[in-house]
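So you can see what is in the structure, the chains are spelled out below.
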Amino acid sequence: MPPSAGSDEDSKALVRKALREVLVGREDPEGFFAMCVSALGHQETRLHFLSIIQPLSTANISLHSILTSIYREYFSKTEDDELEVALALSLLEMRDHQLSAPSQESQLQQHLERHIQKSSSQQISRSQSWGNSHTQHTNVAESRENTNLPKTGDLERVNQPKINLKGNPGKSLTMCAPVTSNSLREHGTAEGGGGMMHEGDLDQPEKRKHSKNRRQRRKGACQRIVGLPTSPSARPPVLLWFRRDLRLCDNPALNGSLEVGAPVIPVFIWSPKEEEGPGITVAMGGACKYWLHQALSCFCSSLERIGSHLVFLQAKGESKEVGSSLCCLKELLKETGARTVLANALYEPWLKERDDEVVSALQKDGVEFKMFHSYCLRDPYSVSTEGVGLRGIGSVSHFMSCCKQNPGSALGVPLDPPVALPSPSHWPQGVSLDELGLATMPRRKDGTTIDWAANIRKSWDFSEEGAHARLEGFLHDGVYRYEKESGRADAPNTSCLSPYIHFGQLSPRWLMWDAKGARCRPPKFQRKLAWRDLAYWQLTLFPDLPWESLRPPYKVLRWSNNHSHLKAWQRGRTGYPLVDAAMRQLWLTGWMNNYMRHVVASFLIAYLYLPWQEGYRWFQDTLVDADVAIDAMMWQNGGMCGLDHWNFVMHPVDAAMTCDPCGSYVRKWCPELSDLPDEVIHKPWKCPVSMLRRAGVVFGQTYPERIVTDLEERRNHSLQDVALVRREFGQYVDKRSGCDLVPLPPRLVSEALGLSHRDGGVVKEGKQFLLPVITRMEFKHQLEDPDADAASNPYNAVLKGYVSRKRDETIAFLNERDFTASVMYEGAQRKERLESDYRRMEGLPRLPAPRGKARRTTTAKDRFSTVPGGAVTSLK
């Protein structure tokens, strides 16, 4: 209820006068809000405060935002907080009636201080009881007396409305908001955990909330600001170093910065020299840089919505000391006075080495550096083969067994986004996003710009909201077809989430939890995250994975140097429609699904004899989801020199039976072939001249000629080259099993000898250890007779559209049944005609008509209508 002294009009006049004091800077926003509560009362303030400050929405937007945040936070207290505020207000309202001496006023003030301190101590005990099992604890802001009021624009204390005691204007009480955070829920940790999820985990009961509830919380319901400081001078600001974690949801470093209880300065440092690493990694190609530019722009908008913004810095200079991220951080620490830096870890070996140097250098200067884990489900440097062995290394099954046998920290529950970030009183000077040069377009000689990313902009939503919308759409539709139809290029059966995962706009933990929450839980989709973690584990074991073959014999494999073939493959002008459509989609949109990546990779390696490194470099430059670890692992496996072997070679024509049976994918990306019939659209060279003329197809003009014609001969030649190098380097072939031998990296040698890398025991020098790895069966058979052709090899790995033997037999049965039935029917009709003609010639009566003519239907229940093996009765 409002105070008894003074009327409503006098109270409102007092509020308007105080508002003018806030505008000129003589009163702080929190003091103004506390005065409104004191003058108008709790209920009147709830009803009329927003209308009172409405003129500020045009006159002073930042002040209006601060006051709105204070209002919303104050009236979103829990029941306990409401009781505390009600008690404080009631004591203030009784002041004029109960206080008659200064001693009584001091007693009231002491009573309020004791009450608030008691409440704070209870909150501390609750927060400690919640976080006993975690490595980080919530820092509770202490109640302080403060006579220095902040200037307009400060967000450090939006959660702490002050109640000024009229008898002592120079002294105020700070009402501390309870330190609560849904980031410290029952299963979560601040670091995010690092446990790999297994298929068996899907059926285990867990205390978690449905993904739909998390989506509602993303909209801002029931969210609290965590650990805001009591004054700008209470603690120095915190530097939050963003790299590839451009999101608010489930960001351990972001939540960790809030728990420090100090102003937060988000910063992004662009250092292309450090990104590339020592070898030919092409870590940031043109498409990736463009996506990064757009993602940073969207992320800036997200930060501005919660009262902050991103500071951009660019590391310039050739020397390691001058043009490095470390140099930029040191200058920023000196300018801002910050003594804490937080970041999410990266796992590329050269970036981890950079981060280790930064941590060591800053700690020597007395700066605290906290690194959080979130980029993978499992920290690749923590994966061990102990208890599992090395047999089958390179496969995802072996990797998941290692994670299950040697589990890391718990995966934890995804963290909710904050609703506000405390801002510093002084922002450091940075550069604009455009000055980083991430989205610079080339220019022609006449000065016009070549906008090669126009189609990429039309194809993607680069924001974090776009990532969650795409995930939600996939879990409501495409996930139900993913298990069996993810290879289809003509239908949206894949998630298209890979670029969002790569740039951290969607965390793998959030994706895993939402996938578990979906009604359809395809193991194939969830294993994709395990493949991603496996790729990073291999990169930590073999840092030269992006440019050097892991199997020594294949380093001297004979490759073609036909540059025209490479150009035709890159531009989608090979003369094979399925390959051309995929490569054109890659160039225009920066993406293609996994099946099509296998098709174009097999064509480059097995049919064009071009080295896998060329394909890797092109993918890294044109894919918006270009990931060094994943691309290097898959291209090495496709190039026959990785830890695993593809047991198939995609045929550029027959693979269309699975991914594009009706030709709609080819028609979309190769419109010059759109008028060809379905039967020949994937092999237009077999079309009659008249059909080509009607479709407007002229080879060499409207559509290119085939750059290679005899695919079988080139496939045989590729297989014989592999057999020759394996015979030449027999020391790298296991005589007993026929498997290739790969030198073991020091970390695996240490584990094999019983030395744990976690204890620092790593073998660095000594005898070379060779490990048998998975080898394609046809390579083992070809070793005995290198000159034999691929057709005579019983383990021929040419894959014709994933057509299984069972499906071949079913199709053969259907063809035979239909042929036999048609012959029998024709014979019966001929016999009936002869019988009818004979009776008519002899004058005999006609045969009685049958009562009912049997008809075969697709729903017939007789045994002749049953198709064996569950095959479909109609095939396109």
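So, here's what we can say about the structure. (Residues numbered from 1 in each chain as written. Predicted model: local features only at pLDDT ≥ 70, side-chain atom pairs only at ≥ 80, totals over all residues. Heavy atoms only, no water.)

1. Regarding the packing of helix α2 (residues 29-40) against helix α3 (residues 42-52)
Argument step 1. Direction vectors running N to C along α2 and α3 enclose 130°, while the axes themselves pass 8 Å from each other. When the interaxial angle is binned, α2 and α3 end up oblique. Seen from above, α2 lies across α3 with right-handed handedness. The segment α2 lies against α3, with F32, F33, C36, V37 and L40 engaging H42, E44, T45, F49 and I52. (Axes fitted to C-alpha atoms, helices over the stretch in contact; angles between N-to-C directions. Helix = DSSP H or I, 4+ residues; strand = E, 2+ residues; numbered from the N terminus. Parallel < 35°, antiparallel > 145°, perpendicular 65-115°, else oblique. Left-handed = near helix turned anticlockwise from the far one by under 90°. Contact = heavy atoms within 4.5 Å.)

2. As for the pattern of salt bridges
Argument step 1. With the rule as written, the count across this model stands at 24 salt bridges.
Argument step 2. Between R488 and E485 there is a salt bridge, with the nearest N and O atoms lying 3.5 Å from each other.
Argument step 3. Exposure remark for E485: the relative accessible area of 31% places this residue in the partly exposed category.
Argument step 4. Among the salt bridges present, the one from R839 reaches E835, with a minimum N-O distance of 3.4 Å. Remark: E835 and R839 occur in helix α33 (residues 805-842); sequence separation between them is 4 residues, near one turn of the helix.
Argument step 5. The class for E835 is partly exposed, based on a relative accessible area of 34%. (Salt bridge = Lys/Arg side-chain N within 4 Å of Asp/Glu carboxyl O. Buried < 20%, exposed > 50% of the residue type's maximum accessible area, 1.4 Å probe, protein only.)

3. Observations concerning unusual backbone geometry
Argument step 1. Although it is not a glycine, D250 sits at a positive phi angle of roughly 50°.
Argument step 2. Inspection of the secondary structure puts D250 in the loop between β3 (238-242) and α10 (252-260).
Argument step 3. Of note in this structure, C496 is not a glycine but carries a positive phi near 60°.
Argument step 4. With respect to the helices and strands, C496 occurs in the loop between α18 (479-485) and α19 (498-502).

4. Thoughts on the nonpolar core
Argument step 1. Residues W569 and M596 are the most contacted members of the largest nonpolar core, which totals 165 residues.
Argument step 2. Look past the residues within four positions of W569 in its chain and what remains in contact with it is T574, V579, M583, V600, F603, L604, L608, G615, W618, F619 and W635.
Argument step 3. Judged by nonpolar contacts, the second largest core, of 22 residues, contains L239, L313, L329 and L362. (Core = buried A, V, L, I, M, F, W, Y, C linked by side-chain atoms within 4.5 Å.)

Keep in mind that these numbers describe shape and distance, not what the molecule does.
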